[in-house]
Amino acid sequence: MEEEIQMPISMDWNREEIIDAINFYETIEKAYYKAVPREDILFLYQRFQSIVGSKSEEKQYLREFDQAAGVSSWKTIQKARQAKEGEKIKMT
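Just so you know, these numbers come straight off a predicted model, no measurement behind them.

Trainee: Go over the overall build of the chain with me, naming the residues and quoting the values.
Mentor: Per the secondary structure count, the chain includes four helices and two strands. In the chain, the order of α-helices and β-strands from amino to carboxyl end is α-β-α-α-α-β. Taken over C-alpha atoms, the radius of gyration comes to 12 Å for the chain, in line with the 12 Å a tight globule of 92 residues would show. Taken along the three principal axes of its C-alpha coordinates, the chain extends 35 × 25 × 20 Å. Of all intrachain contacts in the chain linking residues separated by at least 6 positions in sequence, the fraction that spans at least 24 positions is 67%. Carbon and sulfur atoms provide 46% of the accessible area of the chain, an area that totals close to 6000 Å². Distance between charge centres in the chain, computed from 14 positive and 17 negative side chains, equals 8 Å.

Cut-offs used in this document
Residues numbered from 1 in each chain as written. Predicted model: local features only at pLDDT ≥ 70, side-chain atom pairs only at ≥ 80, totals over all residues. Heavy atoms only, no water. Helix = DSSP H or I, 4+ residues; strand = E, 2+ residues; numbered from the N terminus. Rg over C-alpha atoms; globule rule 2.2 N^0.38 Å. Contact = heavy atoms within 4.5 Å. Areas by Shrake-Rupley, 256 points an atom, 1.4 Å probe, with all protein chains shown as cover. Lys, Arg positive; Asp, Glu negative; His and termini not counted. Charge placed at Lys NZ, Arg CZ, Asp CG, Glu CD.

This is the structure in structure tokens:
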């Protein structure tokens, strides 16, 4: 997390939505450096979905972020979904 990554956002989002989306992106990225509670990932992902609205837009934003950050948002979300309550997610 040393270099600045362009996080995809929409100019249509309000300030709170932008902050929540950035928190989601940062949590996904953080899971590649240290363990993150599964509940944090799933909660922020739900919030991100409510901000984005459509599945196609969600995929577009995640693809752009994944390419910029060198991560896989989908694999991180899947791992969180498969984990037990209280587990921490650490991507390798």
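Having seen the model, we can carry on.
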